[in-house]
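Residue-level structural notes
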Amino acid sequence: MKHTPVLVQEVCEAIPDLPEITFFDGTFGFGGHYQEISKYLGDRLKTYYGLDQDPKTLEVAKETYEDSKLNLQLGLFQNFEKYIPVESQINVFFLDLGVNTPQLKSGERGLSVYEDGPLDFRLSPKFHSKTAVNLLRDMSLKDISEAIRLMTSLTGSRNIAAALKDFVQPGNGPFTTQRLLLKLKPFLRYKKHHVHPATSLFMMLRILVNQEMEALESVIINAIKHLPPEGRLIVISFHGLEHRLVKQLLGTQTAYGKILNRKAIIASPEEIEKNPSARSAQLRVFEKSEVAI
Ligand SMILES: C[S@@+](CC[C@H](N)C(=O)[O-])C[C@H]1O[C@@H](n2cnc3c(N)ncnc32)[C@H](O)[C@@H]1O
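Described below are features of the structure shown in this document. A quick note: this is a predicted structure, and the numbers were derived from the prediction, not measured.

**A word on the nonpolar core**
Of all hydrophobic cores here, the largest spans 61 residues; its most connected members are Phe93, Leu119, Ile148, Leu164, Ile220 and Leu233. The biggest single contributor to this core is helix H10 (residues 212–226), with 7 residues. Leave out the neighbours within four places in its chain, and Leu233 touches Phe93, Ile220, Ala223, Ile224, Leu227, Leu250, Arg284, Val285 and Phe286. Listed in part, the 29 residues of the second largest apolar core include Val6, Leu58, Leu72 and Val92.

Pasting the structure below:
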């Protein structure tokens with residue numbers, strides 16, 4: 001199961017035309033973007049900082065690359081300041097949001113609607129203590145129902161919320177994803193050749209468990225503060241909630257610089273044909289002002 005990086009050429013083209021680049025990649029994954037960016041920059045690359053919150057992914061990445069310019073660390077991108085030396089000026093701050101293909105498609109963390117797994121959904125137990133089971137136990141019925149209404153494409157949010165709440169009651173285990181799907185079956189409309197009806201519900205649980213929206217909000221604001229003049233923030237988002245939040249947050253930062261592409265950059269039909277996951281990707285680039293206002 002391999003992860004294919006998206007919009008690689010477009011990311012390279014968004015890198016500022018400076019003689020030397022220090023690059024920060026907050027979502028290193030298996031380094032698909034790193035490989036292409038380091039080739040593209042060649043001698044212009046000074047240091048490539050790579051961060052990922054998933055220890056398993058990072059372990060594979062560490063075994064794969066041997067490069068004195070590459071600095072790989074385990075951590076959350078919203079805490080990026082901890083992982084960059086104070087004297088280091090980051091010219092590009094890059095985020096390729098969401099999950100990598102093995103995280104999404106293997107049953108290990110419960111993220112796949114097709115493979116059985118624990119109702120856990122944490123990308124990293126080191127950084128997130130609450131599993132999806134704990135989260136659902138702690139949320140009120142009303143809040144779960146509201147989250148389903150706002151974050152998924154499903155109808156009947158109250159019934160689904162009640163079924164979720166009932167499913168996670170202590171003593172009802174084992175808390176596995178295929179058992180949950182069986183419980184939810186009466187409320188989901190399965191259609192042949194359509195995406196699985198629980199896809200957006202699983203995504204909602206992943207977003208809530210890993211506090212993805214809070215992380216995104218904090219990292220965008222702080223990354224822009226941290227960038228030097230002419231530095232750029234490059235963000236790839238993958239679903240409506242992310243697209244909206246990135247667009248809205250960048251819009252609030254125009255006192256510090258400008259969004260370089262009014263319309264999000266999307267993948268070409270050729271790329272989508274080769275890699276269907278690129279279909280939903282949107283790239284946005286923000287440039288810090290030469291003189292910060
Ligand atoms: C779409 S993948 C990145 C793939 C990578 N660009 C590549 O080409 O291989 C997103 C990665 O970001 C990581 N991630 C998600 N949220 C994170 C966070 N808040 N802090 C650090 N890493 C995070 C995930 O573990 C995952 O490996």
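Moving on from the model shown.
**Brief notes about the side chain of His239**
Note that His239 resides in the loop between strand S5 (232–237) and helix H11 (240–251). With near-sequence residues (within four places) excluded, His239 lies in contact with Met203, Arg206, Ile207 and Met213.

**A few points about the pattern of salt bridges**
Counting across every chain of the model gives 10 salt bridges. Here Asp120 and Arg122 are joined by a salt bridge, their closest N and O atoms 2.8 Å apart. Residue Arg122 is classed as buried on the basis of its relative accessible area, which comes to 14%. Arg232 is the salt-bridge partner of Glu287, the closest N and O atoms lying 3.0 Å from each other. Separated by 55 residues along the polypeptide, Glu287 in strand S8 (residues 282–288) and Arg232 in strand S5 bring together distant segments of the chain.

**Details of the packing of aromatic side chains**
Enumeration according to the criterion identifies 12 aromatic pairs in this entry. Measuring from centroid to centroid gives 4.7 Å for Phe24 and Phe93, while their planes differ by 40 degrees, and the two rings are tilted. With Phe24 in strand S1 (residues 21–25) and Phe93 in strand S4 (residues 92–96), this residue pair connects regions lying 69 residues apart in the sequence. Taken together, a centroid distance of 6.0 Å and an interplanar angle of 85 degrees make the contact between Phe28 and Tyr65 edge-to-face. Placement of the pair is Phe28 in the loop between S1 and helix H2 (32–41) and Tyr65 in the loop between helix H3 (55–64) and strand S3 (70–74), with a sequence separation of 37 residues. Taking relative accessible area as the criterion, Phe28 reaches 3% and is therefore assigned buried. Of the residues examined, Tyr65 reaches a relative accessible area of 17% and is grouped as buried. One cation-aromatic arrangement involves Lys185 over Tyr190; the distance from NZ or CZ to the ring centre is 6.0 Å.

**Description of the site of the ligand**
Around the ligand, the surrounding shell holds 24 residues, and the nearest of these are His33, Asp52, Phe77, Asp96 and Gln103. Gly32 is positioned with one of its backbone polar atoms (N or O) 3.1 Å from an oxygen atom of the ligand. At 2.9 Å from a nitrogen atom of the ligand is found a side-chain nitrogen or oxygen belonging to His33. For the ligand, whose accessible area on its own is 600 Å², the fraction buried by protein is 97%. A class-by-class count of the residues in the shell around the ligand yields 8 nonpolar, 13 polar and 3 charged.

**Here we look at unusual backbone geometry**
The step from Gly173 to Pro174 runs through a cis peptide bond, and the omega angle for that step is 5 degrees. Looking at the secondary structure, you find Pro174 in the loop between helix H7 (157–167) and helix H8 (177–184). Residues other than glycine seldom take positive phi values, yet Phe121 does so here, at roughly 75 degrees. As for its position among the elements, Phe121 is in the loop between helix H4 (101–105) and helix H5 (132–138). Residue classification places Phe121 among the buried residues on the basis of a relative accessible area of 0%. Residue Glu230 is not a glycine yet carries a positive backbone phi of 80 degrees. With respect to the helices and strands, the residue Glu230 is situated in the loop between H10 and S5.

**Observations regarding the pairing of S1**
Judged by how many residues are buried, S1 sits mostly within the fold: 5 of 5 residues are covered. Every second residue of S1 is oriented toward a common face, with Ile21, Phe23 and Asp25 on one face and Thr22 and Phe24 on the other, all of them buried. Here S1 runs beside strand S2 (residues 45–52); their pairing, made up of 5 bridges, is parallel. Residue Ile21 lies in a different strand from S2, and its bridge partner there is Leu45. What joins S1 to S2 is H2, and the crossover it makes is right-handed. With 3 bridges joining them, S1 and S4 adopt parallel strand pairing. In the strand pairing of S4, Phe23 is matched with Val92.

**Concerning the packing of H7 against H8**
Across the interface, H7 lies against H8 with an axial gap of 10 Å and an inter-helix angle of 140 degrees. If you check the angle between H7 and H8, you find them oblique. As H7 packs across H8, the resulting crossing turns out to be right-handed. Across from Ile160, Ala163, Leu164, Asp166 and Phe167 in H7, the residues of H8 making contact are Arg179, Leu180, Lys183 and Leu184. Considering only residue class, the contact of H7 with H8 consists of 6 nonpolar, no polar and 3 charged.

Calculation rules
- Residues numbered from 1 in each chain as written.
- Predicted model: local features only at pLDDT ≥ 70, side-chain atom pairs only at ≥ 80, totals over all residues.
- Heavy atoms only, no water.
- Core = buried A, V, L, I, M, F, W, Y, C linked by side-chain atoms within 4.5 Å.
- Buried < 20%, exposed > 50% of the residue type's maximum accessible area, 1.4 Å probe, protein only.
- Helix = DSSP H or I, 4+ residues; strand = E, 2+ residues; numbered from the N terminus.
- Contact = heavy atoms within 4.5 Å.
- Salt bridge = Lys/Arg side-chain N within 4 Å of Asp/Glu carboxyl O.
- Phe/Tyr/Trp six-rings, centres within 6.5 Å; stacked < 30°, edge-to-face > 60°.
- Lys NZ or Arg CZ within 6 Å of the ring centre and 35° of its normal.
- Near = heavy atom within 4 Å.
- Polar contact = N/O pair within 3.5 Å; in protein donor to acceptor, adjacent residues only side chain to side chain.
- Areas by Shrake-Rupley, 256 points an atom, 1.4 Å probe, with all protein chains shown as cover.
- Nonpolar A, V, L, I, M, F, W, Y, C, P; charged D, E, K, R; others polar.
- Pairing = 2+ DSSP bridges.
- Right-handed = clockwise from strand over helix to strand, strands pointing away.
- Axes fitted to C-alpha atoms, helices over the stretch in contact; angles between N-to-C directions.
- Parallel < 35°, antiparallel > 145°, perpendicular 65-115°, else oblique.
- Left-handed = near helix turned anticlockwise from the far one by under 90°.

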